[in-house]
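Fold and geometry: a report
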Amino acid sequence: MAIKKFITGNFYEEAVLFPAVKKVRRAGYKVHDVYTPFPIHGLDKELGMKDTDLHIAGFIYGITGTTTAISFIGWALARDWQINFGGKPFFSLPAWIPIMFELTVLFSAVGMVLTFCWLCQLAPFVKKDHFNPRSTDDTFVMAIECTDKTNEAEAIAFLKEAGAQDVQIQSRETGWWFGRYDRETVRFGKKVAAV
C-alpha cells in the first residue's frame, strides 16, 4: 500500500463541521473522510457517498437460506429417507415453512453482519490509522487527500477559514493491516529496522 499525503483539520463543533464539508467539496478538494465520535445525520450525503447495497446482500442471503432449506429438506425427506408422517405426502411444503423461515432469517442475519464487518473493515485483529486519536472521543477530523495539483498552503488556509483548528499535513497509509495498536506499528510490506 502506498503512503499518501493528507491535510487534516480538527473541528470541535458539529455546527462548524457540516458547513465546512460543503465548502470544501464545493471548492473542489477531495475529502478522504471525516472522522467523528458519533454518527452525524446527513454527513454521508454531503460527502457524496452513495447508499449502501447491504439490503441487496441481505435479500441474496435470505434467498440462499430459503433455497438451502427447501433443497436439504426435500432431498432428506422426499428422496433419501422417505418416511410417512401421518399420511402426508413426502414433499410436504406447508410442514417445512417454519424451518424455511428460520434458515432464511439465519442466513440473512449472519450474512449481513459478516458483510457489514467486511465493508467497514471491522475485526478484532484489524487496525486502521487514526489521523487524530481524539476523533473517537470529542473532536471531528476532516482529511483532505493531496494530489499533485493540490496547493498545500492554499488548502491549509482554506480549512482554517472554514473553521478548522490544528490544521496539519500528515502522511498515512489508507488501508488496514493486521496486528494490535499497543504492540505493532508495522503494516503490510517490508519490515523496517529501527534506527
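Basis of the calculations
Residues numbered from 1 in each chain as written. Predicted model: local features only at pLDDT ≥ 70, side-chain atom pairs only at ≥ 80, totals over all residues. Heavy atoms only, no water. Helix = DSSP H or I, 4+ residues; strand = E, 2+ residues; numbered from the N terminus. Expected span 1.5 Å × (residues − 1). Bend = angle between axes of the 7 residues up to and from the residue. Buried < 20%, exposed > 50% of the residue type's maximum accessible area, 1.4 Å probe, protein only. Contact = heavy atoms within 4.5 Å. Arc of directions from axis to C-beta. Salt bridge = Lys/Arg side-chain N within 4 Å of Asp/Glu carboxyl O. Pairing = 2+ DSSP bridges. Core = buried A, V, L, I, M, F, W, Y, C linked by side-chain atoms within 4.5 Å.

Looking up the protein in an unreviewed UniProt entry gives the name DUF3341 domain-containing protein, with the organism given as Niabella pedocola.

1. Some details on helix α3 (residues 54-80)
At 3.6 residues per turn, the α-helix brings residues three or four places apart onto the same side. Along its 27 residues, α3 runs 37 Å from first to last C-alpha, staying within 8% of the 39 Å computed at 1.5 Å per residue. Along α3, the sharpest kink reaches roughly 25°, centred on Gly74. Among all positions in α3, only Leu54, Ala57, Gly58, Gly62, Gly65, Ala69, Ile73, Gly74 and Ala76 are buried. Packing partners of the buried residues in α3 comprise α4 (93-119).

2. Digging into helix α1 (residues 14-26)
If you check α1, its first and last C-alpha atoms are 19 Å apart, about what 13 residues at 1.5 Å a residue would give, namely 18 Å. Turning to α1, its buried residues are Leu17, Ala20, Val21 and Val24. The buried residues of α1 occupy one face: seen down the axis, they fall within an arc of 110°. In this structure, α1 carries Ala15 and Arg26 as exposed residues pointing more than 90 degrees from its buried face. Of the residues trailing α1, Gly28 is marked for its positive phi of about 95°.

3. Quick notes on the pattern of salt bridges
For the structure on display, the rule yields five salt bridges. Two residues, Lys30 and Glu145, come together in a salt bridge whose shortest N-O distance is 3.5 Å. One end of the pair, Lys30, is in strand β2 (residues 30-35); the other, Glu145, is in strand β4 (residues 140-145), and 115 residues separate them in sequence. Via salt bridges that share partners, Lys4, Lys30 and Glu145 belong to a single interconnected network.

4. Considering the pairing of strand β1 (residues 3-11)
Bridge count for β1 against strand β5 (residues 165-173) is seven bridges, and the pairing is antiparallel. Bridging from a neighbouring strand, Lys4 pairs with Arg172 of β5. Across six bridges, β1 lies against β4 in antiparallel orientation. Each residue of the ladder has a partner; that of Ile7, found in β4, is Ile144.

5. Describing the nonpolar core
The nonpolar side chains of a soluble globular protein tend to be buried with one another. One finds Phe11, Leu17, Val34, Met142 and Leu159 to be the most contacted residues of the largest nonpolar core, which totals 22 residues. Of all the secondary-structure elements, those providing two or more residues to this core are β1, α1, β2, β4 and α5 (152-161). Considering every element that reaches this core, the biggest residue donor is α1, with four residues. If we ignore the near neighbours within four places in the chain, the residues touching Leu159 are Ile7, Thr8, Gly9, Phe11, Val24, Met142, Ile144, Ala164 and Val167. Tyr35, Phe131, Val141 and Ala143 belong to the second largest nonpolar core, which has five residues in total.

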